[in-house]
Amino acid sequence: MIFKSVGFFIFFGLCVLIFFLLPVRRRGRFLLLASVVLYLWIGLFDFALVLIVAAGNYFVANALGKQGGNRRLLLFSAVGANLLILTLLKYFNNLASSGGLRILSAKLGFHSSTPLRLAFPLGMSFTILTLIGYLIDVYRRKTQPEPNIAYYSTFVFFFPKIAQGPVERAGHFIPQLAQTADFDYGRVRDGIQRVVWGLFKKVVVADRLGIFVNRVFDQPRDYTGIVLILGIVFFAFQIYADFSGYTDMALGASQIFGIRLLPNFRRPYLAKSIREFWASWHMSFSQWLRDYVYLPLAYRLSSLMKKAAYFRIQTEKWIYAVSIMVTFLVCGLWHGVGWNYILWGGLFGIYLVFGSWTRKSRRRMVSFMHLDKFPRALGVVKIGLTFGFVCFAWIFFRARSVADGFYIAGHLFRGFSKVLAIHNLEDLLIFFRFTKNPQLVELLISILLVAFMTVIQIVQIKYPLRRCLKTQPVWLRWIVYQLLVLAIIFLGAFKQTQFIYINF
Amino acid sequence: MNGPARATFGFLLKKLALFCFLLVPSYLMSLLVFTSGFFNNWIPNVRNFTGAFGHSLVRFQEIHNFTKMDILFFGSSQVYRGFDPRVFSSFGLRIFDMGSPAQTSMNSYYLLRKFIDHVDPSLFVLEVGSLADHGGDESTIDLISNMPYSKDMQEMGIQTLREFQMRTMNSILAAYIRRIFVPLSEARQRYDAENIYISNGYVKTCRATNTEARLEMVRPQVRGAEVAYLRRIIELVSKKGRRLLLVCVPISKALKMNITNYREFSKNVNVLASEYHVAFIDFNEDAHSSKIGLQDDVDFYDGTHLNQIGVEKFNRYFIRYVCSGTCPSDFKK
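Since the structure is predicted, the reported quantities are computational estimates derived from the model, not experimental observations.

Trainee: An account of the overall build of chain B is requested, with residue identities and associated values reported.
Mentor: For chain B, the helix and strand inventory stands at 14 helices and 7 strands. Projected onto its principal axes, the C-alpha positions of chain B cover 85 × 45 × 40 Å. Split into buried and exposed, the 333 residues of chain B put 53% on the buried side. Pairs at least 24 apart in sequence give 79% of the contacts found in chain B among residues at least 6 apart.

Below is the structure:
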C-alpha cells in the first residue's frame, strides 16, 4: 500500500466523512477502527506483530506506573526486549543472507538454496521508538500509564503517523483524544491544504528529483565533478521534500481529525550550524535521541568521570564528545544496516564535536577578520557551509556502498575542464550521459524545483505562506490551490515509489 | 455533529465540489496549452505525439492506399526502422511496416483487429522483442494521436488506462481535445534531419554510429498480459486463415549480453509459438547473427536499432531465409 496512492486517498476521504457523521463520543473509537483496518489492509503479519509489541508494552507500562517492585529492572528488560525485536526484524535479512548464518544453519541441518527472509512490518521502528519513549516517560513519572486501552491503542496505531512518524509522545498525543473536537471549518481547510502541499512535495519535488538522483547514484563511476555535485544537491532536496512531504500529509490528515502531531521540520537547509540543522531536521526523532540517549548518557558519564583535563581537554568536552558520538552512531544504526549509515552518523557526530570544541576559536577568527560587521553576509556563508557539510554526509547516506561513497567524495571537484568543452546541446547531452532531449528537460525541471524550494524556504522565514495566503482574497487563494493541483497532475512522478524513510 | 458544525461541514463539501468543478476547465485548458507552442513536450506528464518522429501520422494515412501486399509487419520502432521496403522491392516483394514507437502485443492486437479485413498480405510478421518491455502506453498515445477515432483505438486506450498512468491519461485526452481545434486531416507531420519517412511505413535514420553510453545489466520480465495478447493475435490470424511469423529483430551484441534472461525469454516465446504451430525466428541466435554478420559499431546506431547499412544486411538475409527454402517449411513461397 502506497501512501500517495489513489487507494489511500479514497480510504482517507471515507474516514473523514464517516468521522464527522458519527456522534462526537464515538469518533475516538472510529479512529482506532480506521487505523486497524488500514494496518490489516497493509498486511496481517504487520498488524499481528505490532499488536503483540503494543500489548506487551501496555502491561509493562502499567506495571511501571505502580509503586514498589524492581521498576528499574522491569524498564531495562522491556527496553531490551523492544530493541531486540527491532534489531532482529531490521537486521535479520542481512544476517540470514550472510555466509556465517548459512554455514551455521547448514551445520544445524537446515538446507535451503534461498535464505529465509522476513518482511519488515511497516512503521515498526517508529512504533518501537514511540513505545520506548513512553515506557521511559512512565518510569520517570513524566507521564501516567494510560489505563484506557482504546486511547493507548490509538496512540500506537493512529494511521496518519504509522509509516514514518513523527515519533509521538504519549503526554502530547493521548490528552488530545479525550478532547475530540467538533467540525471546525478553518481547521479542516488548513488540514486539507497541508495534505495537498505534502503531496506536491512528494510527487512533484521528491519523485521528480529522484529520477536524476537514481541515475547518478546507481552508476556513480560514470560521472565526475558537476554531475556528482548536482546529484548530491538534488538528493538533499529529494530526501527533504520526501520526508517533510509525508510529515505534512500526516500532520494535515491528523489536523482534520482534530489531533496535532509533533512537528518534524523547520527549514533545515537554512540552518547556520550543524547543531541548528539537527534542531530543525526530523525534530521528533532528534528530540527522542536527545531525551533518551544523549542526556542519560551524558549524565551517567558526568557522574562517573572526575573533573579534570584529559589530553589538555576538559572533562565536560570529553563527555559531550563521547555522548554525541554514541548518539549519532545509534542514529546511523537506526537508519539501516551497513557501514555507510554508520559513517553518515559518525560524520554528524564529528561535525558537532568539532563545532563545539572550536566554537571559541571560530568566534575569535570572525571578530579578527571583522566579519561580524557584516552579519547578513556572515549568515549566508554559515548557511552555505552548513549545507555543504550536510550534503557531504548525505553522500554516504545515499550511496549504494561505502566504496561508491568514497568514489563520489573523491571525484566531486574533478572533470570541470569537460564543462568548458560544452559548446552546444549535443555536447551537453553527451556530458550528462543523456541520449534524449526529454532527459535534458528532466534536468532543467529538477533545477527549477530546487530553486523553487529554496525560494519558498527563504520567503517562509518572514512570511509564513499559509498564514499569508489566508489574508488574500478568495479568487487569488483559489488560483494558488488550482495551480498546486495542476502542478501535481502535470509535473508529478507517479511511478510506484514509496517514501524514502518508510524503509527505516 | 451539532447544527452549526453540520452547516459548515456541508459548506466545505460544497466548496470542494465547486473547486473540482472549476478544476475541470483549468485542466482542459492546461492540456491544450501544454501540448502546443512553446510548452510542447516540455511538461513531463503530457505528450503531443501527433506528427511525431515515429511518423505514425503519414504511415496510417498511407496504409489506406494499400490492400494487396506480400508482408505486413507489426511491432515497435525496430519494425519501422528495421524493414526497408526498397530492399524487399528489389526482390519483387511488397511490404508495409505497421510499427509504432514501443508497440507491444496489446497495441499490435488492436491494430491488427482494425486492419485485418482491410489488408490482405500473404504473411503477417510480428516483432515480439517488446513483450518484456512495458504496458504499451507510449504506443497507445502515439496511435490515438495519429489515427482517426475508432472503436478499436478507443478500446486500446481504455485497456492502457487500466494501469492508471497520469501521463497516458493526460496525453490521450489532449489528443482528443486538440482534434476539436485541428482535425487530423489538417495535422502536419514534424520533420527532422535524422528521421526521414521513405514510404510503406519505413523510417530511415541518418544516424550512422552507435554513440550509446555504457549499457546497464537488465532482466526484463515478460508481462502476463502481453503474452495473453500474443495468444489473441495468433488466434485472430489463424481464425482469418492467414499466416503469421513471430520474429526477434537483431539487437546489438552488447545489449543482448546485458539482458541476463535473454535465452529464457527466447525459449518461452518458442514454446508459445510451438503450442500454436506458429513459426518463430530469433535473429539474435548465434546461428543467424553469424550469418547476417552485423557488428555493433558498424551496423547499429544504438543498442536496439540498426542503421541503414545494418538494415540492408539484415533485410537481405531475412528475404533469403524466410522467402527461400531455408526457413521452416510452411513459410516457403
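Trainee: Quick one: what's the story with the confidence of the model for chain A, residue by residue and with numbers?
Mentor: With 88% of its residues at a pLDDT of 70 or more, chain A shows a mean pLDDT of 87. Mean pLDDT values for the elements of chain A range from 62 in helix α5 (residues 99-107) of chain A up to 95 in helix α11 (residues 274-280) of chain A.

Trainee: How would you sum up helix α9 (residues 224-239) of chain B? Please name residues and give values.
Mentor: All names here are of chain B. End to end, α9 covers 23 Å across 16 residues, agreeing with the expected 22 Å (1.5 Å per residue, within 8%). Every buried residue belonging to α9 is among Glu226, Tyr229, Leu230, Ile233, Ile234, Leu236 and Val237, and all of these are buried. For α9, the arc enclosing every buried residue in end-on projection is 165°, short of the 170-degree limit, so these residues lie on one face. Across from the buried face of α9, at angles greater than 90 degrees, the exposed residues are Gly224, Ser238 and Lys239. On its buried face, α9 sits against α5 (105-115), β3 (120-127), α7 (151-161), β6 (244-248) and α11 (262-275).

Trainee: Give a description of the environment of Leu295 of chain A that names residues and reports values.
Mentor: All names here are of chain A. Inspection of the secondary structure puts Leu295 in helix α12 (residues 283-304). The partly exposed category is assigned to Leu295, whose relative accessible area is 27%. The sequence separation of Leu295 and Thr327 amounts to 32 residues, and the corresponding C-alpha distance is 9.5 Å.

Trainee: Could you give me a rundown of the pattern of salt bridges, with the residues and numbers involved?
Mentor: Taken as a whole and assessed by the stated rule, the structure comprises 19 salt bridges over all chains. Close ionic contact of Asp286 of chain B with Lys256 of chain B constitutes a salt bridge, the shortest N to O distance being 3.8 Å. Taken together, the residues span a long stretch of sequence, with Asp286 of chain B in helix α12 (residues 286-292) and Lys256 of chain B in helix α10 (residues 253-258) at a distance of 30 residues. You can call Asp286 of chain B exposed: its relative accessible area is 56%. A cluster of three or more residues bridged by salt bridges with shared partners is formed by Arg169, Arg290 and Asp291 of chain A.

Trainee: For the interface of chain A and chain B, give the residues involved together with the corresponding values.
Mentor: Where interface size is given, it is often the accessible area lost as the parts come together that is meant. Contacts between chain A and chain B engage 29 residues on the former and 31 residues on the latter. Between chain A and chain B, roughly 2,700 Å² of surface is buried when both sides are summed, and carbon and sulfur atoms account for 73% of that area. Looking at the side of chain A facing chain B, the largest losses of area belong to Tyr185, Trp478 and Phe490 of chain A, adding up to 27% of the total buried there. Connecting chain A to chain B are 0 salt bridges. One can count 6 residue pairs in polar contact (both at pLDDT 80 or more) joining chain A with chain B. Elements with a contribution of two residues or more to the side of chain A that touches chain B: α1 (6-21), α9 (185-218), α20 (437-462) and α22 (474-491) of chain A. Residue contributions to the side of chain A that touches chain B peak at 9 residues, all from α22 of chain A. Residues belonging to the side of chain A that touches chain B are distributed by class as follows: 21 nonpolar, 3 polar and 5 charged.

Trainee: Break down the side chain of Ser30 of chain B for me, citing the residues and quoting the values.
Mentor: Within the secondary structure layout, Ser30 of chain B lies in helix α1 (residues 3-34). With residues near it in sequence (within four places) discarded, Ser30 of chain B still touches Leu486 and Phe490 of chain A.

Trainee: Any chance you could break down the nonpolar core for me, citing the residues and the numbers?
Mentor: By size, the foremost hydrophobic cluster in this structure holds 142 residues, and its most contacted members are Tyr269, Phe348 and Trp394 of chain A. Residue contacts for Trp394 of chain A: discarding those within four places in its chain leaves Phe235, Ala236, Ile239, Tyr269, Phe277, Trp281 and Trp344 of chain A.

Trainee: Give a detailed account of a nonpolar patch on the surface, specifying residues and quantitative values.
Mentor: A cluster of nonpolar side chains, namely Val6, Ile10, Leu14, Leu17, Ile18 and Leu21 of chain A together with Leu13, Leu16 and Phe164 of chain B, defines an oily patch on the protein surface of about 820 Å² accessible area. When residues of the nonpolar patch are assigned to their parent elements, the largest contribution, 6 residues, is made by α1 of chain A. Its place among the elements puts Leu21 of chain A in helix α1. A relative accessible area of 60% places Leu21 of chain A in the exposed class.

Trainee: Tell me about unusual backbone geometry, residues and numbers included.
Mentor: You will see that His370 of chain A, though not glycine, has its phi angle at about 60°, which is positive. Checked against the element boundaries, His370 of chain A lands in the loop between α15 (359-368) and α16 (375-398). At His277 of chain B, a position not held by glycine, the phi torsion is positive, near 55°. Relative to the helices and strands, His277 of chain B is located in the loop between α11 and β7 (279-282).

Trainee: Break down the confidence of the model for chain B for me, with residues and values.
Mentor: Low pLDDT marks regions whose predicted coordinates should not be analysed in detail. Residues and elements named next belong to chain B. Of the residues in chain B, 92% have a pLDDT of 70 or more, and the chain-wide mean is 86. For chain B, the element scoring lowest by mean pLDDT is α10, at 86; helix α4 (residues 85-90) scores highest, at 94. The ipTM assigned to the predicted complex is 0.82, against a pTM of 0.86.

Trainee: Hey, could you go over the packing of aromatic side chains for me, with residue numbers and the actual values?
Mentor: The relative placement of two aromatic rings is captured by the distance of their centres and the angle of their planes. Here the structure, examined in full by the defined rule, presents 83 aromatic pairs over all chains. On the basis of an interplanar angle of 90° and a centroid distance of 5.7 Å, the ring pair of Tyr39 of chain A and Phe157 of chain A is categorised as edge-to-face. Of the two residues, Tyr39 of chain A sits in helix α2 (residues 24-42) while Phe157 of chain A sits in helix α7 (residues 149-157), which places them 118 residues apart along the sequence. With relative accessibility at 3%, the residue Phe157 of chain A sits in the buried group. In this arrangement the basic side chain of Lys114 of chain B is found over the ring face of Phe115 of chain B, its NZ or CZ atom lying 5.5 Å from the centre.

Trainee: Give me the lowdown on the packing of α1 of chain A against α2 of chain A, citing residues and values where you can.
Mentor: Residue and element names in this part refer to chain A. Running from N to C, α1 and α2 cross one another at 160°; their axes reach a closest spacing of 10 Å. Comparing the axis directions of α1 and α2 gives the class roughly antiparallel. For α1 against α2, the interelement crossing comes out right-handed. Side by side, α1 and α2 meet where Gly7, Phe8, Phe11, Cys15, Ile18, Phe19 and Phe20 of the first sit next to Arg27, Phe30, Leu31, Ala34, Val37, Leu38 and Trp41 of the second. Here the contact of α1 with α2 is composed, by residue class, of 12 nonpolar, 1 polar and 1 charged.

Trainee: I'd like a rundown of the pairing of β3 of chain B, residues and numbers included.
Mentor: The side chains of a regular strand alternate, residue by residue, between the two faces of the sheet. Residues and elements named next belong to chain B. A large share of β3 lies buried, amounting to 6 of its 8 residues. Pairing analysis gives 6 bridges linking strand β1 (residues 68-75) to β3, with the strands arranged parallel. Directly across from Lys68, in β3, lies its bridge partner Asp120. Inspection of the sheet shows β3 paired to β6 by 4 bridges, in the parallel sense. By the bridge assignment for β6, Glu127 is matched with Val247.

Trainee: I'd love a proper account of the pairing of strand β2 (residues 95-99) of chain B, names of residues and values included.
Mentor: Residues and elements named next belong to chain B. Burial runs high along β2: 5 of the 5 residues are buried. Here β2 shows a buried face lined by Ile95, Asp97 and Gly99 and a second buried face lined by Phe96 and Met98. Here β1 runs beside β2; their pairing, made up of 5 bridges, is parallel. Its bridge partner lying in β2, Phe74 is registered against Met98.

Criteria and cut-off values
Residues numbered from 1 in each chain as written. Chains lettered and ligands numbered in written order. Predicted model: local features only at pLDDT ≥ 70, side-chain atom pairs only at ≥ 80, totals over all residues. Heavy atoms only, no water. Helix = DSSP H or I, 4+ residues; strand = E, 2+ residues; numbered from the N terminus. Buried < 20%, exposed > 50% of the residue type's maximum accessible area, 1.4 Å probe, protein only. Contact = heavy atoms within 4.5 Å. pLDDT = per-residue confidence, 0-100. Expected span 1.5 Å × (residues − 1). Arc of directions from axis to C-beta. Salt bridge = Lys/Arg side-chain N within 4 Å of Asp/Glu carboxyl O. Buried area = accessible area lost by both parts, 1.4 Å probe. Polar contact = N/O pair within 3.5 Å; in protein donor to acceptor, adjacent residues only side chain to side chain. Nonpolar A, V, L, I, M, F, W, Y, C, P; charged D, E, K, R; others polar. Core = buried A, V, L, I, M, F, W, Y, C linked by side-chain atoms within 4.5 Å. Patch = residues over 30% accessible without salt bridge, like charges linked within 9 Å, V, L, I, M, F, W, Y side chains within 5 Å. Areas by Shrake-Rupley, 256 points an atom, 1.4 Å probe, with all protein chains shown as cover. Phe/Tyr/Trp six-rings, centres within 6.5 Å; stacked < 30°, edge-to-face > 60°. Lys NZ or Arg CZ within 6 Å of the ring centre and 35° of its normal. Axes fitted to C-alpha atoms, helices over the stretch in contact; angles between N-to-C directions. Parallel < 35°, antiparallel > 145°, perpendicular 65-115°, else oblique. Left-handed = near helix turned anticlockwise from the far one by under 90°. Pairing = 2+ DSSP bridges.

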